[in-house]
Amino acid sequence: MPAYFYWGDDEFRLQEAIHTLRQETLDSDWASFNYDVIPPEASNGPIEALNQAMTPPFGLGQRLVWLQNTSLGQRCSEDILAELERTLPNLPDTSVLLLTSPNKPDGRGKFTKLFKKHGEVREFATIPPWKTDQIRRQVETVARERRISLASETIDLLVDAVGNDTRQLHLELD
């Protein structure tokens with residue numbers, strides 16, 4: 001699936017997912033040619049991102065186009081929506097389009113429905129501090145990903161020590 005919409009306020013997990021996507025997508029020798037970051041203040045950012053995503057990559061690997069901190073999940077004009085309807089189904093397999101936002105997309109909006117149909121929407125929201133069972137599962141998952149075996153008491157101590165701070169959790173496990 002060449003289109004992704006990452007949203008949430010857990011900046012560490014979001015940046016980690018972007019880094020992983022970049023490593024999987026780009027050839028290291030051609031990354032400077034095939035990696036486009038479009039900042040939120042770009043005047044015509046969504047259209048520029050779609051045009052770049054339709055451009056074939058230069059050299060080896062794929063092209064990664066990242067539209068940062070977009071507000072398309074909350075409000076999307078009809079002309080941009082029409083361009084998305086035309087472009088998303090036709091994205092080449094050699095390109096990956098990534099949109100990020102700190103805000104949850106409106107599930108009732110046309111943009112979100114269209115993007116879910118042609119892409120993947122992933123959440124990177126911070127776990128509320130009172131949901132200790134979810135924080136515990138997150139500690140267990142991160143430890144398992146790093147191939148670290150932890151005793152139940154150790155997991156409880158980590159949950160108490162780091163809470164919902166994923167950056168601190170990774171630092172403690174290092």
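Note that the structure is predicted; figures quoted are calculated from it, not measured.

Novice: Can you walk me through the environment of Leu72 in this structure?
Specialist: Mapped onto the elements, Leu72 comes out in the loop between β3 (63-67) and α4 (78-87). What makes Leu72 buried here is its relative accessible area of 7%. In sequence terms Leu72 and Leu158 are 86 residues apart; their C-alpha atoms lie 37 Å from each other. Leu72 has contacts with Pro46, Leu67, Ile80, Leu99 and Phe111, leaving out every residue within four places of it along the chain.

Novice: Explain the layout of surface pockets here, please?
Specialist: Empty space left among the atoms is revealed by rolling a probe the size of a water molecule over them. Empty space within the largest pocket amounts to approximately 330 Å³. Those elements that provide at least two residues to the lining of the largest pocket are α1 (11-25), α6 (132-145) and α8 (166-173). The leading source of residues in the lining of the largest pocket is α6, at six residues. Tallied by class, residues from the lining of the largest pocket come to four nonpolar, six polar and five charged. Size it by volume and the second largest pocket reaches roughly 160 Å³. Forming the walls of the second largest pocket are 16 residues, and the residues nearest its centre are Pro40, Pro46, Thr70, Ser71 and Leu72. Residues belonging to the lining of the second largest pocket are distributed by class as follows: eight nonpolar, seven polar and one charged.

Reading guide: rules and limits
Residue numbers restart at each chain and count upward from 1, following the sequence in its written direction. Restriction of local features to residues with pLDDT of at least 70 applies here, the model being predicted, together with a cutoff of 80 or more for giving and counting side-chain atom pairs; totals for whole chains, interfaces and linings are based on all residues. Side-chain figures throughout are based on the complete set of non-hydrogen atoms in the structure, without hydrogens or water. Starting at the N terminus, helices and strands are each numbered in turn, a helix being any DSSP run of H or I of at least four residues and a strand any DSSP run of E of at least two. We call a residue buried when its accessible area falls under 20% of the maximum for its residue type, exposed when it is over 50%, and partly exposed in between, using a 1.4 Å probe and counting protein chains only. When checking whether two residues touch, look at their non-hydrogen atoms; a contact exists if any pair is within 4.5 Å. Site definitions follow a grid-based scheme: protein atoms alone, a 1 Å grid, a 1.4 Å probe that fits but cannot get out for cavities, and for pockets an open set with protein on both sides within 12 Å along at least five of seven lines, plus lining residues having an atom within 4 Å of a point. Grid points are joined across faces, edges and corners, and a volume is the space filled by probe spheres set on the points. Residues are grouped as follows: Ala, Val, Leu, Ile, Met, Phe, Trp, Tyr, Cys and Pro are nonpolar; Asp, Glu, Lys and Arg are charged; every other residue, Gly included, is polar.

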